[in-house]
Amino acid sequence: MTDGFAVSASRDSLAHRGYRLIMRSVRAHPVPHLVALLGALGFVAATVGTAWLLGWITDNVIIAPESERTGPAVAAAMVIGVSVASGISVLMRRWFLAMAELRTQRDWRRALLHRYIDLPMDFHRERDPGELLAHADSDVNTATMVLKPLAFAVSVVVLVVVTMAALFAAHPLLALIAAIVFPALAVISRVYTRMVEAPSAEVQRRVGEVSEVAHESFDGAVVVKTLGREPIEVERMRAASARLRDERIRVGRMRASFEPSIDALPTVGAIVLLLVGAWLVGRGSATPGDLVLAATLFSLLALPLFIVGFFLEEMPRSVVSLERVDRVLDRPLEPSAEPVGNGPVLPPGPLGLQIDSLAVRYGSRLVLDGLSLAVSPGETVALVGATGSGKSTLLETVAGLNSVAGGSIHLSGAALQDVPSKEFHSAVALVFQEAFLFADSVAENVGLQWGRSPADVTAALDSAAAGTFVDALPDGGSTVVGERGVTLSGGQRQRVALARALVRSPRLLMLDDATSAVDPVVEGEILANLRRDLDTTVLVVAHRISTIELADRVAYLAGGRIVATGTHDELLDIDDYRSLVSAYEQAEVP
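Residues numbered from 1 in each chain as written. Predicted model: local features only at pLDDT ≥ 70, side-chain atom pairs only at ≥ 80, totals over all residues. Heavy atoms only, no water.

1. Some details on helix 18 (residues 520-533)
Here is the rule: Helix and strand definitions follow DSSP, with helices as H or I runs of at least four residues and strands as E runs of at least two, each counted in order from the N terminus. Expected helix span is computed as 1.5 Å times (number of residues minus one). Partly exposed residues are those whose accessible area sits between 20% and 50% of the maximum for their type, while under 20% is buried and over 50% is exposed, using a 1.4 Å probe and protein chains only. The arc in question is the one spanned by the directions pointing from the helix axis to the C-beta atoms. Between two residues, a contact is recorded if the distance between any of their heavy atoms is within 4.5 Å.
Between its terminal C-alpha atoms helix 18 stretches 20 Å, which fits the 20 Å expected from 14 residues at 1.5 Å a residue. For helix 18, the full list of buried residues reads Val-522, Glu-523, Ile-526, Leu-527, Asn-529 and Leu-530. Buried residues along helix 18 cover an arc of 155 degrees about the axis, so they all sit on one side. Exposed residues lying more than 90 degrees from the buried face of helix 18 are Val-521 and Arg-532. Buried residues along helix 18 sit against helix 15 (454-463), helix 17 (490-502), strand 7 (508-512) and helix 19 (545-550).

2. Examining the sheet that holds strand 1 (residues 353-362)
Note the cut-off: The pairing criterion is simple: DSSP has to find at least two bridges between the two strands.
Spatial strand order, 2-1-4-5: four strands in an open sheet with antiparallel pairing. Pairing within the sheet leaves two strands with one partner each, and these edge strands are strand 2 (365-375) and strand 5 (414-415). Pairing between strand 1 and strand 2: eight bridges, direction antiparallel. Paired with Leu-353 across the bridge in strand 2 is Val-375.

3. Some thoughts on the environment of His-135
Heads up, the condition is: Residues adjacent in sequence count toward polar contacts only when both atoms are side-chain atoms; beyond that, a polar contact is any pair of N or O atoms within 3.5 Å, and within protein one must be able to donate a hydrogen and the other to accept it.
Counting through the fold element by element, His-135 comes out in helix 6 (residues 129-143). Accessibility expressed as a relative area gives 4% for His-135, which makes it buried. Separated by 193 residues in the primary sequence, His-135 and Val-328 place their C-alpha atoms 8.8 Å from one another. Once residues within four sequence positions are removed from consideration, His-135 is found in contact with Leu-112, Tyr-116, Val-140, Arg-324, Val-325 and Val-328. A polar atom in the side chain of His-135 sits 2.8 Å from the side chain of Asp-139.

4. Considerations on the confidence of the model for the chain
This is how the line gets drawn: For every residue, the pLDDT score states the predictor's confidence, bounded by 0 at the bottom and 100 at the top.
With 88% of its residues at a pLDDT of 70 or more, the chain has an overall mean of 80. The low-confidence segment residues 1-11 (pLDDT under 50) makes twelve contacts with residues lying over four places distant or belonging to another chain.

5. Let's talk about unusual backbone geometry
The residue Ala-465 is not glycine, and still its phi comes out positive at about 55 degrees. Residue class for Ala-465 comes out buried when judged on its relative accessible area of 12%. The phi angle at Asp-513 is positive, at roughly 55 degrees, despite the residue not being glycine. By the element assignment, Asp-513 lies in the loop between strand 7 and helix 18.

6. What to know about the pairing of strand 7
Judged by how many residues are buried, strand 7 sits mostly within the fold: five of five residues are covered. Alternating residues of strand 7 divide into Leu-508, Met-510 and Asp-512 and Leu-509 and Leu-511, and every residue in both groups is buried. Sheet topology places strand 6 (residues 428-431) next to strand 7; four bridges connect them, and they run parallel. The residue of strand 7 that forms the bridge with Leu-430 is Met-510. Pairing analysis gives five bridges linking strand 7 to strand 8 (residues 537-541), with the strands arranged parallel. Residue pairing for strand 8: Leu-508 is matched across the bridge by Thr-537.

7. Here's the deal with helix 17
The first and last C-alpha atoms of helix 17 sit 18 Å apart over 13 residues, in line with the 18 Å expected at 1.5 Å per residue. With eleven of its 13 residues buried, helix 17 lies for the most part within the structure. When we look at burial in helix 17, the residues that qualify are Gly-491, Gln-492, Gln-494, Arg-495, Val-496, Ala-497, Leu-498, Ala-499, Arg-500, Ala-501 and Leu-502. On its buried face, helix 17 is in contact with strand 6, helix 14 (442-447), helix 15, helix 16 (467-471), strand 7 and helix 18.

Now the structure itself:
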C-alpha cells in the first residue's frame, strides 16, 4: 500500500469518495442515469406488485369460498400485466445504465488521452508506457464497475422501505424480522468495504506492474532475442503475475466470506419468517395471503440484495482505480514552451530564433542552465557538444516538449507560448535520431493525413534522399512497413522520418542527429537537398565533420550552456572543442 493512498483514505471516507465518483458520472450524463433509475423503480413497483398479487390470489382465488372467489382469468391477466411491466423496467434499467457507463468510460479515456498529450516530456520519462496503458484500460474499466448496479442499488433502498411498510401492515412481528435482517446486511457490507479497500488498491497497482513488464518485453523484442533474455523476461512476467495472483486471491478470500453472508441472511430471515408467520396464521393474527406476501417479498429481495452486495464490493476497487486516473488528470501543467496562442503571429519565410537564459530541469537536475542563442532567419547552425551537454534537450524545448524552468524563447520576435498550436506545428519541425514509423504505408507515414498531395510526398522523399529506395520497395510508396518501421533499415527509417518533416515545408527545421544511420555521402546529399529545396532555418545536432563544416555557424554546448559560437575554423582555437571534433574525425576513419 502506498503512503499517498493511505493518506487519501484517512482524509476522506470511502463512502464519500464513492459518492463523488458516482456524481461525476451522473452530472456528465444525467438523462441515461435518470431513465435507468426510473426503470429500476419500475422494477421495484413490479416486484412489490408481484408479491401483493400472489398474496391477493392466495386469499381471493385459491382459498376463498367459491361464491366469493375471483375468476382465474382475471388473476392470470393481472400476473401477465405485472410481468410485462417488470420486463420493460428491466430493459430500461440495463440499456440506459450501460449507456451511462460506456459514455463515462469514453469521457475519462478522452480526458486521459488529452492529459497525456498536454503533459510535458518529463512526465512520460518518469513512467513506463505500461502504467499509462493500465490507467486508460484497466483502471477506467474498474472505475466504472460501480456504475453497473447503481440504479438497481438505489432502487433496492426504496424496495426495502416498501417491504418494511408491507410487512408492518401484515403484522408488526414480521416487520421486526426484516428490521433485524436488513441492518445486519448493512453492517456486514460496511465491514467488508473497509477491509477490502487497501487490498483492492494493491491489486490495481499490480495490474499496472504486469502491464509494464509485458510492454517492455514486447517493445524490446529484438533486444530480448539478441541477448537471449527470453528466460529472464519469462521469469519477470511470472513473478509479476504471481504477485498479482496473490493479491487477487487475497481479495477473493474476502469476497468468499462476504458473498455467502449476503446470500444466507435473506434465506435465514425467510425461514424464520415462515415459522413465525405460520404461528401467526394458526392464531388467526394473519391471513395465509399475508404470509405468502411476506415470504415472496423476502425471496424476491435475495437478488436485489445480492446486487447491493456487488455494488458495495465494487466500490472500493472503483474508487481506488479512479484515484489512480485522477492522479494523472489532476497533475498540474507546468509552465512549458507549448504554444497556446489564438491568432497568426509568425511572419512568412524562414524563422529567426532567440533564446534568452533558458533553464530546463529533468526532475531536480538542471539540464539547461541559462542557455542563450540567437539564430538568424535562413541560417544553418550546428549544435556540437559532448554527450549530456543539452543538445537534444534544447531542440525538444524549442519544439514545446519540455517544461521551462526559466528564460524565454521567441520565434521571429513572437513569444513561443503566444503562437497558435496549428501555426506552430506547420512552421516548426523536429526530427529525432530514433525514427518512429507507424505500421502503415510509407506514403501515409510521410503524409500523415495532412492533406498533402502524392506529388508533395514524392518531393519530400526525394529531398530526404529516400525516393530511390522507396521506389524499389515491393509496392513503392504503398508498401506497408512493420510496427515502428522494423521492416526498414535504420537509415531508411531516418530518411522517411525526415521526409515526414519536409513535406510540411517547415520554416524552422531541427535535426537531432537525424541522419546518424546514413553514410556520409547520403548525408551530404540530404543537406545539399535541404539548401536547394527549402527556404528554412536549420538547427542540426552534428557529430560528423562534414555536417559541421556545411553549417553557417557552430554553437558549442557544455554544461547546459552555449559556451561559444562561430565558424568551425574559429572554434578550433578552443581546446575542448578541438579535442571533441578530433574524436569525431577518428570515429569516422574506417
